Amino acid sequence: MTKNSHFVRVLFLFCAVCAAVLFIPTGVGAPAPKTKLLSAHDPQVQELLSKMTLDEKVGQMTQADQDFLKDIGDIRKYYLGSLLNGGDSDPKAGNSLAAWTDMYDRYQSEALQTRLRIPLLYGVDAVHGHNNVLGAVVFPHNIGLGCAHNPQLVEKAARITAEEVRATGINWAFAPCVTVPQDIRWGRTYEGYGETPEMPSLLGEAAVRGFQGQDLSDPLSISACAKHFVGDGGTTWGTGLKKMLDRGDTRVDETALRRVHMQGHISAIRAGVASIMPSYSSWNGAKCSGSKRLMVEILKQELGFEGFLISDYNALDELPGDYKSQVEQSINAGMDMVMVPQRYREFFETLKGLVKDGKVPMSRIDDAVTRILRVKSAMGLLDKNRSQLADRKLWKSFGSSEHRQVARELVRQSIVLLKNDHHTLPLSKQVARIHVGGKSADDLGNQCGGWTITWQGESGNVTPGGTTILAAIRNAVSKNTEVTFSKDGTGAEGASLGIAVIGETPYAEMSGDRADLRLAAEDVRAVDNMKRAGIPVVVILLSGRPMIIEDVLGKTDAFLAAWLPGTEGQGVADVLFGDYKPTGKLSFSWPRSMSQVPIHVGVPNYDPLFPYGFGLTY
Ligand code: GLC
């Protein structure tokens, strides 16, 4: 072990001890949030609740996906309290800013025709910008934000996201994800800010502040949703879907659950988060979505969470028993709103029946609806003098260059320099020729990753307005510098240097669970083809997690982890050419081989290739 890496290890251990001490569970409720308490709205809420029928109450607890509405009239018929666009749910009229806005206005107008005119809370996975909508700014995924470790900028990015979401009228984001991934084979690793509670706590709180602003009633604020409660990133290999990790079982005692996996939620509650999403996963064999210990005793009683719990997508279907017992268990365990994209009619009738049969007490229904209406009141949705339709003046800043500049700054700060032999970097903008290679050099889809335009994301030119890394390099160099490109890296002979952009193609959730995190053969070939040209080679890795890179690292002169930077590839060029000195620090330790996965934080002789907190600069 070199002296330098020994120092970094000591630094890392010091940080880990501080983090552990700082986050030792006190068992006391989270400090009062800085923003106005949601319970301050109870007088207005109770007055409205007293007028509501059982149908109207159960309707508020029902969230359908707009794509699966059997009839737009169902919004009124079932008094739906919420709609969502799931990852692949686009407006019928197609994917454009106008189509999304018209869709929202049409559904909201329907809800405003119900007897009590209670508007919809309309949710979407705006997890790295308003990423479902063509032309939106797509920010780096959370793993990159964790390496940027800049809460002010994360708050600013969330604020911009809120504004772009509001431009379509929508008023709720299922973000931030405050998961603490412990096994990078998990397909949702990139949705986490880091492998310790440190970044999820710091940046989760910042994101909530950004989304919700100083006041939820601000027309530019949207409700946030901390997810997924709790321990979603701590599942054991083999217990999840496809016998891998996603939605598996987290086998830790309560002290470890609190110390590692709960801190992001505690910070989000402190910031006044309006909603929390229980996890598909289990804790010691018990599904979170059916756990009264987790949802009532810890979240609502001990931590004093005053908002509402929204289930994950059809998560109740994964509870034991038939549908009726699943609904009974989850609602009685504290679930307040249920995401039933397709089966909303069945859920509505089932829950009504359970109340009528005395299986779900009306007091539980009233508690759930109180929590939902608190958020609607705080957002100004119960203000009859206020328009609840989209403010189309916000279209002018949607995808704007000002918004893209903030994303570019985050890209710069998210990049971690892992190797820089012979001061290869920063590059000169005056060299005769740069040869660029790799499958991801000119691929916006690979740059953005999952949750981009579609649920899984895809390679290719997925959205307008972005800048690929190849284009960014071309933008940055002098007019005398030639930039050539080949996907496989051939043709580099004679160039001054080569840049290979390699890594993962997009995935989301269980589709990204992988037993083997070595680089794809085509990526290794691209680096080899460039190395064979006898020129210095810089590798840029675009991935949702650390990968096993030892068979490439030795061949390169410089190596950058750029994670999933999103649409603003110019930020990568800023670092390559020294317009910004790299400041990124690993928020995930980097294993040497698969034998070091899952991470062994705190275990003696855990000697990763690069430790937590590592990052070089110029
Ligand atoms: C997904 C995810 C969750 C997301 C929800 C709505 O399955 O688990 O993070 O917010 O469904 O799309």
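For the structure itself, consult the block above.
Read on for an overview of the structure. (Residues numbered from 1 in each chain as written. Predicted model: local features only at pLDDT ≥ 70, side-chain atom pairs only at ≥ 80, totals over all residues. Heavy atoms only, no water.)

**Let's talk about the sheet that holds strand β5 (residues 225–229)**
No. 1: Here we have three strands laid out as an open sheet, ordered β5-β7-β10, and parallel in their pairing. The open sheet has two edge strands, β5 and β10 (308–309), and neither has a second partner.
No. 2: Here helix α10 (residues 263–270) sits on the sheet in contact with β5 and β7 (275–278), set at roughly 155° to β5. (Pairing = 2+ DSSP bridges. Helix = DSSP H or I, 4+ residues; strand = E, 2+ residues; numbered from the N terminus. Contact = heavy atoms within 4.5 Å. Axes fitted to C-alpha atoms, helices over the stretch in contact; angles between N-to-C directions.)

**Here's the deal with the state of the cysteines**
Any covalent bond linking the sulfur atoms of two cysteines counts as a disulfide.
No. 1: All chains considered together, the criterion is met by zero disulfides.
No. 2: Of all cysteine sulfurs, the one in Cys147 lies closest to Cys448, which takes part in no disulfide; the gap is 17 Å.
No. 3: Residue Cys448 is classed as buried on the basis of its relative accessible area, which comes to 0%. (Disulfide = S-S within 2.5 Å. Buried < 20%, exposed > 50% of the residue type's maximum accessible area, 1.4 Å probe, protein only.)

**Considering helix α15 (residues 401–414)**
No. 1: Here α15 contains 14 residues, and its C-alpha end-to-end distance of 20 Å stays within 8% of the 20 Å for a straight helix at 1.5 Å per residue.
No. 2: Taking burial as the measure, the 14 residues of α15 include 10 buried ones, the bulk of the element.
No. 3: Of the residues making up α15, those classed as buried are His403, Arg404, Val406, Ala407, Glu409, Leu410, Val411, Arg412, Gln413 and Ser414.
No. 4: Residues of α15 that are buried sit in contact with α6 (142–148), α7 (151–166), β12 (416–420), β17 (558–561) and α20 (570–576). (Expected span 1.5 Å × (residues − 1).)

**Side note on unusual backbone geometry**
No. 1: With omega at -5°, the peptide bond leading from Lys227 into His228 counts as cis.
No. 2: If you trace the backbone, His228 turns up in strand β5.
No. 3: Cis geometry marks the peptide bond from Phe229 to Val230; its omega dihedral reads 5°.
No. 4: Structurally, Val230 is set in the loop between β5 and β6 (249–250).
No. 5: Despite not being glycine, Tyr79 has its phi angle at roughly 50°, a positive value.
No. 6: Position of Tyr79 relative to the elements: it lies in the loop between α4 (74–77) and β2 (82–85).
No. 7: Backbone geometry places His423, a non-glycine residue, at a positive phi of 50°.

**Overview of the site of the ligand**
No. 1: Surveying the vicinity of the ligand reveals the residues Asp125, Phe174, Arg188, Lys227, His228, Met277, Tyr280, Asp312, Tyr313, Met339, Trp451 and Glu509.
No. 2: Within the side chain of His228, an N or O atom sits 2.7 Å from an oxygen atom of the ligand.
No. 3: At a separation of 2.7 Å, an oxygen atom of the ligand approaches a polar side-chain atom of Asp312.
No. 4: In the complex, the protein chains occlude 96% of the 310 Å² of accessible area that the ligand would expose alone.
No. 5: Here the residues of the shell around the ligand sort into six nonpolar, one polar and five charged. (Near = heavy atom within 4 Å. Polar contact = N/O pair within 3.5 Å; in protein donor to acceptor, adjacent residues only side chain to side chain. Areas by Shrake-Rupley, 256 points an atom, 1.4 Å probe, with all protein chains shown as cover. Nonpolar A, V, L, I, M, F, W, Y, C, P; charged D, E, K, R; others polar.)

**Considering the pattern of salt bridges**
No. 1: Taken as a whole, this structure holds 49 salt bridges when the rule is applied.
No. 2: Asp336 is the salt-bridge partner of Arg364, the closest N and O atoms lying 2.5 Å from each other. With Arg364 in helix α14 (residues 362–378) and Asp336 in the loop between α12 (323–332) and β11 (338–339), this pair connects stretches of sequence that are 28 residues apart.
No. 3: In the salt-bridge network here, residues are joined through shared partners; they are Arg188, Glu191, Asp246, Arg247, Lys287, Glu318 and Glu509. (Salt bridge = Lys/Arg side-chain N within 4 Å of Asp/Glu carboxyl O.)

**Considerations on the environment of Gln447**
No. 1: Looking at the secondary structure, you find Gln447 in helix α16 (residues 444–448).
No. 2: Looking at Gln447, the relative accessible area reads 0%, which means it is buried.
No. 3: Sequence separation between Gln447 and Gly460 is 13 residues, and the spatial gap between their C-alpha atoms is 9.4 Å.
No. 4: Once residues lying within four places of it in the same chain are set aside, the contact partners of Gln447 are Thr467, Thr468, Ile469, Leu542, Leu564, Pro565, Gly566, Thr567 and Gly569.

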